[in-house]
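# Geometric and topological summary
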Amino acid sequence: MSGPTVEISNVHKSYGGKQAVRDLSLTVDPGECLALVGHNGAGKTTLMKLMLGLVRSSAGSVRVFGDDPGESAAVRDRFGIGFLPETVSFDAAMTGTEVMAFFARLKGVAVADGMALLERVELADAAPARIKTYSKGMRQRLGLAQALLGEPRLLLLDEPTTGLDPNLRQAFYGIIRELCAGGTSVILSSHILTELEARTDRVAIMNQGRLVACDTLDALRDRAGLAVRVRLRVKQGDAAAIASRLRSSADLARVNGQYVDLACGLGDKMMVLRDIAALGPDVVDVEIVPPTFDEVYNHFCLKEDRS
Amino acid sequence: MSALVILAAKEIRRGIRNRWVVATTLLMLALSLSIAFLGSAPMGTVGAARLSVTVVSLSSLTIFLIPLIALMLSYDAVIGEVENGTMLLLLTYPVARWQVIAGKFLGHTAILAVATAVGYGAAGLAVGLTEDGTSSAVWLSLATMTGSSVMLGAAFLTLGYLISVIVRERGTAAGLAVAVWLVFVLLFDMSLLGILVADKGATLKADAVSLLMMLNPADIYRMLNLTTSPDIAALSGMVSLGGRGALPAGVLIAALTAWIAVPLGLAALIFRRREI
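Cut-offs and rules
- Residues numbered from 1 in each chain as written.
- Chains lettered and ligands numbered in written order.
- Predicted model: local features only at pLDDT ≥ 70, side-chain atom pairs only at ≥ 80, totals over all residues.
- Heavy atoms only, no water.
- Pairing = 2+ DSSP bridges.
- Helix = DSSP H or I, 4+ residues; strand = E, 2+ residues; numbered from the N terminus.
- Axes fitted to C-alpha atoms, helices over the stretch in contact; angles between N-to-C directions.
- 1 Å grid on protein atoms, 1.4 Å probe; cavity = no way out; pocket = protein on both sides within 12 Å on 5 of 7 lines; lining within 4 Å.
- Points joined across faces, edges and corners; volume = space filled by probe spheres on them.
- Nonpolar A, V, L, I, M, F, W, Y, C, P; charged D, E, K, R; others polar.
- Phe/Tyr/Trp six-rings, centres within 6.5 Å; stacked < 30°, edge-to-face > 60°.
- Buried < 20%, exposed > 50% of the residue type's maximum accessible area, 1.4 Å probe, protein only.
- Lys NZ or Arg CZ within 6 Å of the ring centre and 35° of its normal.
- Contact = heavy atoms within 4.5 Å.
- Buried area = accessible area lost by both parts, 1.4 Å probe.
- Salt bridge = Lys/Arg side-chain N within 4 Å of Asp/Glu carboxyl O.
- Domains from an automatic or database assignment.

## A look at the sheet that holds strand β11 (residues 251–256) of chain A
All names here are of chain A. One open sheet accounts for four strands, arranged β11-β12-β10-β13; its pairing is antiparallel. The strands lining the two open edges of the sheet, one partner per strand, are β11 and β13 (283–289). Direction aside, neighbouring strands of the sheet carry axes that sit 20° apart on average. Note: strand β10 (residues 228–234) against β13, six bridges, orientation antiparallel. By the bridge assignment, V234 is partnered in β13 with V283.

Pasting the structure below:
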């Protein structure tokens, strides 16, 4: 396949007087998995709606598979797009089977494939029941199943894992990995930042409609320059002595009985560790905590808010 | 299968599921049978065939009932789905916006057609077959009435879609639907009558009145069914209008078709521009 799946350049979107997306540029390549993070109202859902042609941009251009999603030419492109809205709803009087068959037919997919997807999200038993009897989690799973119809080349998932139990969540990320390996571009938004770690190629952080950072998680950590925390466990009573010997190499965060907490920059980490190793058997254990995704996220959002 | 057929089939399935089809069919059946057997009793034996009497009574009833049923089916067709969130998902599928409206229109029209055909057909058969001397012209007028009733329903369906794509809230759509029904079914004729009385025929001639009546799909339906057959025109008291200002059936059918096509096209256009 040639060219990026999604190409957004300098897009603005305002509803009335409210700016939902401001001057945002973003490209997503085939096979890439991008996470969109941001507070409520940061513009994540609007960005997805722009890519789906549900709303039109006020300025700038959006291209999905090379077409403007708002134009009638893009209707055909939607055979290759799967979408799971933030709060998914179905016709409550219909059964799971009926809904799945309806969507499968619309997408030109064999109804049997739709039923296979229902099995994959563990809804096969509930499929003959009406949707009004479904729990929130079951609706979410049905929503996921319909998004996967027809092996989409672009998958847009708005808060996909809310209401999924942990093992289904694991299975979900398994499916995503599989699709990405097959060349599908996946864009997903999530509030649960920690679960995105090691599961997405790039992370796009949005704040007040702006894209404040977009890179791999490691690169974002580097750029944030947040401290790595190192916790030493020493023999009871030695903490103060050990702490004074390490004062030159790292910032001393806290000394407490048999624990010494240190903080250092990512670049200084190895040096600090060598100094700790030089202390010999006085140090019983070392625990290294890199900055969490939440901290990286807060760093970028707060920086934006200050400026 | 084309998206249009899939969408229409879903609408019909939904109509069956929520008992709309059964309810409207039974309603039409009950009303038309009661008119067929009881409504013509006070007439005794007049010259007219009983079926003619039935056609006149039924079409007068249809003017009130069919627009109401059609508007109830259609006023929340779009806004209802936008509000409960199902439209959001549907529009991310490979269907054009006009197909969404057209699919609903086909499905709802099919529901109306079944209810009308079953209801009026049963009345026609019950009266026509139990009595001798029903001419083929009377049968034709029954067929015309059934067909034009579906068209009348279709016109009010598309007016309902137009309401549904314009409003921001479902409650507004319900209010507007009631207003549309009142205007076209009651107020329009009353004001036209008022104008005619005040005017005393000075400026408004019969052809002008006929043209004015084209502004109301319910009146087109009335003219189509009550003036085009002489037997029925005599019975319905539309002779004077039928005699002088009557328009040919072809023109009336074309006007009714326009009342279906124009609001449908407008609804599709407006929906195309709408942000979900």
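Now that the structure has been shown, we can carry on.
## Quick word on empty space enclosed by the protein
All names here are of chain A. Applying the stated criterion across every chain, the model contains three cavities of 30 Å³ or more. Its boundaries defined by the atoms lining it, the largest cavity holds a volume of some 50 Å³. Considering the residues around the largest cavity, the lining is formed by M51, L52, V64, D67, P69, A74, D77, R78 and I81. Those elements that provide at least two residues to the lining of the largest cavity are α1 (44–52) and α2 (74–77). Split by residue class, the lining of the largest cavity holds six nonpolar, no polar and three charged.

## A closer look at the packing of aromatic side chains
In this structure the tally under the stated criterion is six aromatic pairs over all chains. Ring geometry for A:F102 and A:F103: centres 5.3 Å apart, planes at 50°, overall tilted. Both residues of the pair, A:F102 and A:F103, count as buried. Aromatic pair B:F156 and B:F184: ring centres 5.9 Å apart, planes at 80°, arrangement edge-to-face. One end of the pair, B:F156, is in helix α7 (residues 136–166); the other, B:F184, is in helix α8 (residues 170–199), with 28 residues separating them in the sequence. Ring-pair connections join several aromatic residues into one group, and the members of that group are A:F90, A:F102, A:F103 and B:Y93. The ring of A:Y259 has A:R231 sitting right over it, with the charged end atom 4.7 Å from the ring centre. A cation over an aromatic ring shows up here: B:R97 above the ring of B:F271, its NZ or CZ 5.4 Å from the ring centre.

## A short note on the interface of chain B and chain A
Accessible area lost on assembly of the parts is the figure often given for the size of an interface. In this assembly, 26 residues from chain B lie in contact with 30 residues from chain A. Summing the contributions of chain B and of chain A, the shared interface buries around 2700 Å²; its carbon and sulfur component is 60%. Linking chain B with chain A are four salt bridges, by the criterion used here. Here A:K13 makes a salt bridge to B:E275, at a shortest N to O gap of 2.9 Å.

## A short note on the domain arrangement of chain A
Taken domain by domain, chain A comprises domain 1 (6–222) and domain 2 (227–290). Taken over C-alpha atoms, the centre of domain 1 of chain A sits 44 Å from the centre of domain 2 of chain A.

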